[in-house]
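Letter by letter, the chains look like this.
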Amino acid sequence: FGEDSRLWLDSVIALGDVSLSAGAFARAVPLVERAADRWQARLDDGDVARFDLCRLLASVCEARGAHREASTQWAAAVEQARKVPDRPHALSRALSGHANALIHGGWVEEAVALTDEALRLDRTLYGDRSVEYVGTLSNLAKGVLQAGSHDRAEILAREAYELATATLGDSHPCMPSVLET
């Protein structure tokens, strides 16, 4: 199958996910960029592949330390995810990704608002005893702390810690991040 095949695009998205999460940027970046150049304008709004390309491009920007570009790509991913109503977890992922890019870029207040939205969505999707909810709650505590609201950050961090220890246990891989908060 050639680069004009939807199967090629879906394969690049899957390979991009695996490669980027494994830290194999040299392999993933050229493929993701080529797929975006070739496909992004051809995909309809609301096509999950368009969301996936925005998300992968945001990850590529983050890997390069280009926080402004990453934020722009995550904002596009949020916009696309809002157009894919049957995949609300995509919106949660995009909101969290956008918030993280904003925090790394120093735009904390906007990041806190997005993380608040992601937290409400995670509670609805996964429940308040899920690893997703606990992780987002911990991220919200970090953002609120960076924004200078120490009292609220402490309350959120305590809640994240208590939920994490009660539901996930001390040995869960998420615990170091929660403890860092």
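Conventions we followed
The residue numbers shown here count from 1 along each chain, following its written sequence. Only residues with pLDDT of at least 70 are given local features in this predicted model, and only at 80 or more are side-chain atom pairs given and counted; all residues enter the totals for whole chains, interfaces and linings. Each side-chain value is worked out from all heavy atoms of the structure, with water and hydrogens disregarded. Secondary structure elements are defined from DSSP: runs of H or I of at least 4 residues count as helices, runs of E of at least 2 residues count as strands, and each element is numbered from the N terminus. Three labels apply to residues, based on accessible area from a 1.4 Å probe with only protein chains included: buried if under 20% of the type maximum, exposed if over 50%, partly exposed otherwise in between. Residue contacts are counted whenever heavy atoms from the two residues lie within 4.5 Å of one another. A pair of Phe, Tyr and Trp rings is counted when the ring centres sit within 6.5 Å of each other, with Trp represented by its six-membered ring. The angle between the planes then sorts it: under 30 degrees is stacked, over 60 is edge-to-face, the rest tilted. Put simply, a charge is over a ring when the Lys NZ or the Arg CZ is close to the ring centre, within 6 Å, and near the line of the ring normal, within 35 degrees. To define a nonpolar core, start from buried Ala, Val, Leu, Ile, Met, Phe, Trp, Tyr and Cys residues and group those joined through side-chain atoms within 4.5 Å. Each cavity reported here is a set of points on a 1 Å grid over the protein atoms alone in which a 1.4 Å probe fits but cannot get out, each pocket an open set with protein on both sides within 12 Å along at least five of seven lines, and each lining residue one with an atom within 4 Å of a point. Grid points are joined across faces, edges and corners, and a volume is the space filled by probe spheres set on the points. Classes in brief: Ala, Val, Leu, Ile, Met, Phe, Trp, Tyr, Cys and Pro nonpolar; Asp, Glu, Lys and Arg charged; the others, Gly included, polar.

*Asks:* Honestly, the side chain of threonine 115 in this entry has me stumped. Any pointers?
*Replies:* Summarising the element assignment, threonine 115 is placed in helix H6 (residues 108–126). Owing to a relative accessible area of 6%, threonine 115 belongs among the buried residues under this scheme. Apart from residues lying up to four places away in sequence, threonine 115 is in contact with Ala99, Thr136, Asn139 and Leu140.

*Asks:* Quick question: what am I supposed to make of the side chain of histidine 98 here?
*Replies:* Mapped onto the secondary structure, histidine 98 falls in helix H5 (residues 88–105). If we skip the residues at most four places from it in the chain, histidine 98 touches Ser71, Trp74, Ala75, Val78, Glu110 and Leu114.

*Asks:* Looking at this structure, how should I read the packing of aromatic side chains?
*Replies:* How two aromatic rings sit relative to each other is set out by the distance from centre to centre and by the angle between their planes. Overall, the coordinates contain zero aromatic pairs when judged by the stated rule. Over the face of the ring belonging to tryptophan 39 we find arginine 42, whose NZ or CZ atom lies 4.1 Å from the ring centre.

*Asks:* It is not clear to me how the nonpolar core should be interpreted in this structure. Could you clarify?
*Replies:* Burial of nonpolar side chains together is a common tendency in soluble globular proteins. Formed by 21 residues in total, the largest nonpolar core has its most connected members in Phe51, Trp74, Ala77, Ala81, Leu91, Ala94 and Leu95. Contributions of two or more residues to this core are made by helix H3 (48–64), helix H4 (67–82), H5 and H6. Sort the elements by how many residues they give to this core and H5 lands first, with eight residues. Discounting chain neighbours no more than four positions away, the residues touching leucine 95 are Val78, Arg82, Leu114, Glu117, Ala118 and Leu121.

*Asks:* Before we go on, may I ask you to explain empty space enclosed by the protein in this structure?
*Replies:* In this approach the atoms are scanned with a rolling probe the size of a water molecule, which exposes any empty space left behind. For the structure shown, the criterion picks out one cavity of 30 Å³ or more. Here the largest cavity defines a volume of roughly 30 Å³. Around the largest cavity sit Ser96, Ala99, Asn100, Ile103, Thr115, Thr136 and Asn139, which together line it. Only H5 and helix H7 (131–146) provide two or more residues apiece to the lining of the largest cavity. The biggest single contributor to the lining of the largest cavity is H5, with four residues. Its residues placed into classes, the lining of the largest cavity shows two nonpolar, five polar and no charged.

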